[in-house]
Amino acid sequence: MNETATDVLVIGAGPAGLAVGGCLKPAGVAFELLERASKVAPRWRDHYERLHLHTFRDLSRLPDHPWPLGVAAYPSRDQVVAYFEEHARQNGLRPRFEREVTSLRREGTRWVARTRGPHGDERWSAPRAVVATGYNRVPNRPRWPGEETFSGRVMHAAEYRNGREWLGKRALVVGSGNSGAEIVLDLFEHGASTSMCVRHPTHVSPRDLFGVIPTQVLGLGLGWLPPKLFDRLALPMTKRLVGDLSAYGISRPERGPMELLQATGRVPLLDIGTVELIRQGRVTVYPGIERFDGSDVVFVDGRRAAFDVVVLATGYHAALEGFLDGAERLVDGKGHPTAFGEEHPDAPGLYFVGYRNPPTGAIHDIAKEAVRVAKAIAHAATTATTTTATATSTAKSSTTSSGTTSGATRSAADPADSGEKKGART
Amino acid sequence: MSLPPELDFWHPVLTSEELDDAPKKVRLMGTDVAVFRLRGGGSVGAVLDRCPHRGASLSNGTVRDRCVVCPYHGWKWATDGTGQSPGNPEGSFRTQAFDALESDGAIWIKRAGTAVPFPRFDVAGFLEISRMRRRVNAPLEVVLDNFIEVEHTGNVHYVLGYDTQRLGEVICRVETTPESVRVYNQGAQKPMPWVLRKLFRYPPNAHFVDDWVTHFSPVRSVYDQYWIDRLTGERGGDFLRNTVFFVPVDAQTTELFVFVYAEATAWGRFGLNLALLKPLTAWLGRLEIEADVKMIEGLADKSPEIRGNLLGRFDRGPLAARNRIRRIYRRGVEGLESVRNEGGED
């Protein structure tokens, strides 16, 4: 089997992997960026068409990569994808596409990734590895009794593109997260008769406070406060702005938004119009599903209604156990790594980036984690006495000429390595 | 009763501010509709503005118990069209209801129960500049024609438009799909005052781009207007996204419903956006629309027919729009093939 040795393996060319690559490059660290799809940011690319970044553009950017002119405060899906593509291009990142990592394990002092794909089975090894496969690697697909009898279609939000084919049809969206709420809007706008399943009490906040200030700014500005204090400040405001929705089937949790987030990881719903549709009676809210029955869905409160399509906006799993050897020791109850943005204390040379979905925005945190991880790696690489030696110092010197980068011990079978081009950037 | 096919589509009829506690009369394709706001429930309703009992105008009535109440005999009409009569408690009554929705700062109505897409325009993260409606004494086609060609902007407009002397150089590309007409225009900007050039962050060697897509269910155009450096192709700072709905009040009257948004943040440039960009752009938009309206209302011939006129290269947009209005919006009523529910959307 063909084996490629390098300094760092980065698994996944989504926002997190790209951010890490973009930081390692100017630090002069050699790395391989492995991606199962054939393009960067595949999850973003496959999301539904209506999707916009839920957080403010300038607070959601990769390190040293500003948004271009002509992009509004909440970029659209296509603009986000173009932004990531441009980031990869400007940083000279050349991910190894169509390499699905089937296993990542420690062998001696090195991390070894095995990949499969059209290029055959390959091995990649490095003393350090950054796992950046995202918290949304695998759709979370709940099942209910009687699903096999259902005459309509059930699909996960990951398969949903737009509501065009559901004009005049009855649609149910399960899940009241941000994507669930936006898919409800999309189905309504495409002329479907739309209902929504809200399974848990949910905090609702407008995306923009008073119409102009992103709620994310509040999260960033006050995020350092103790959760209980934060909630004491934030709750009255969102209560005033959103009002009591319990008459419509959406109740507020007992715990405040920040407390709940830290305990369960559930982010508040940043509303962009769905609540208004509910209030005006254009969208019906149901509680959780109990079972399916022919053309009907039966809810836990005993109500039932017929639907043509059920869209499951029920989230994703990081599913690290799917490829990472010994993952169970490294993750918490939700399957997310117990340490991120730094070397995992229980796995030497292993780093996780991008496993949080905080109210401050996932990309915002990815950028911070990526910078820290790249710094730590660059530092470790220069001080290490291991096989590979990086010639340049840790510095942020962005003008490393190709000759100074490491790679001397890399296998000769690998001429087009991704860590060798000049790290030219502004 | 039979309603014109145009009423199947969502149309904006009032701005949110215009609808208070009292019902309001609006007119669409010659049909009068009473629009009302429900008390205590964030919702709006609409029924035919003629009480089926004895013909009173319900828009002169009041709103009570989530119903509009007839000023004549107190018959009550709910948003779904069901009625109650205080003098005939046993009877069950119905009137023509309309679906009503409040969204984007406007009240929208359509015939109850039709399955059509909602005419969304994507302004996520844009700054709202203004929202206005303006009645024009001319048929829908004639009004639309003015709004989907740039040849007039040299003469008619004050600021947003092309230099008359260099109209011949303006690039005008027309792209059509069965549901939409897109027109891309690029050329030398009319001379513009220094203040505005600064405000809009005008790039060097500026070319004005006016790029719009017109849809027909209902009839509306979404305009992206910005400046590019004609040598490098790079975009200037700000741009406008304007959406104009062409609402047919009756055969001879059209209402423009305009939503103006800018790609800018409210807090940007130390509040200058809110303090200056917003009011100035709103004023400018109104000025240009008034200029258009004056020109349209003064036309010697306001017949919606365009065949037989002498046409130039800028008239390809209006021509392409004509058959789509007939086919999609008026659903073949003028003798063309009838296509139901063909509501191709953005």
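Treat the numbers as computed from the prediction; the structure is a model and nothing was measured.

All names here are of chain B. Inspection of the secondary structure puts Glu-141 in helix H1 (residues 140-147). Residue Glu-141 is classed as buried on the basis of its relative accessible area, which comes to 8%. Aside from chain neighbours lying at most four places away, what touches Glu-141 is Pro-304, Arg-322, Ile-325 and Arg-330.

The next point concerns the interface of chain A and chain B. The interface of chain A with chain B comprises 27 residues on the first partner and 28 residues on the second. Buried area between chain A and chain B, both sides added, is near 2100 Å², and the carbon and sulfur share of it is 59%. Ranking the residues of chain A by area buried against chain B places A:Glu189, A:Gln280 and A:Arg282 at the top, with a combined share of 25%. For the pair chain A and chain B, the interface holds three salt bridges. Between A:Arg282 and B:Asp99 there is a salt bridge, and its shortest N-O distance comes to 3.7 Å. In this assembly, chain A and chain B are joined by seven residue pairs in polar contact (both at pLDDT 80 or more). Of all the secondary-structure elements, those providing two or more residues to the side of chain A that touches chain B are helix H4 (178-189), strand S14 (213-214) and helix H8 (274-279) of chain A. Tallying contributions element by element places H8(A) first for the side of chain A that touches chain B, with three residues.

So, about unusual backbone geometry. The omega torsion of the bond from B:Ser217 to B:Pro218 falls at 5°, within 30 degrees of zero and hence cis. Here B:Pro218 is to be found in the loop between strand S15 (206-216) and strand S16 (219-229). Even without being a glycine, A:Ala41 presents a positive backbone phi close to 50°. Checked against the element boundaries, A:Ala41 lands in the loop between strand S3 (31-34) and helix H2 (42-46).

Right, let's talk about the sheet that holds S16(B) for a bit. All names here are of chain B. Overall, antiparallel pairing links the seven strands, which are arranged S12-S18-S17-S16-S15-S14-S13 in an open sheet. Strand pairing shows two members of the sheet lacking a second neighbour, strand S12 (127-136) and strand S13 (171-176), which therefore form its edges. Neighbouring strand axes in the sheet, compared pairwise and without regard to direction, differ in orientation by 15° on average. Strand direction decides the pairing type here: S15 and S16, joined by 11 bridges, are antiparallel. Bridge pairing in S16 links Ala-206 to Asp-229.

Residue and element names in this part refer to chain B. Taken domain by domain, chain B comprises domain 1 (5-111) and domain 2 (127-329). One C-alpha centre belongs to domain 1, the other to domain 2, and the line joining them spans 34 Å. Each side of the interface is counted separately: domain 1 has 20 residues, and domain 2 has 14 residues. Here domain 1 and domain 2 share an interface that buries about 1500 Å² over both sides, 62% of which is from carbon and sulfur atoms. Sorting the residues of domain 1 by area buried against domain 2 places Phe-9, Pro-12 and Arg-27 first, and these three jointly supply 33% of that buried surface.

Scoring rules and cut-offs
- Residues numbered from 1 in each chain as written.
- Chains lettered and ligands numbered in written order.
- Predicted model: local features only at pLDDT ≥ 70, side-chain atom pairs only at ≥ 80, totals over all residues.
- Heavy atoms only, no water.
- Helix = DSSP H or I, 4+ residues; strand = E, 2+ residues; numbered from the N terminus.
- Buried < 20%, exposed > 50% of the residue type's maximum accessible area, 1.4 Å probe, protein only.
- Contact = heavy atoms within 4.5 Å.
- Buried area = accessible area lost by both parts, 1.4 Å probe.
- Salt bridge = Lys/Arg side-chain N within 4 Å of Asp/Glu carboxyl O.
- Polar contact = N/O pair within 3.5 Å; in protein donor to acceptor, adjacent residues only side chain to side chain.
- Pairing = 2+ DSSP bridges.
- Axes fitted to C-alpha atoms, helices over the stretch in contact; angles between N-to-C directions.
- Domains from an automatic or database assignment.

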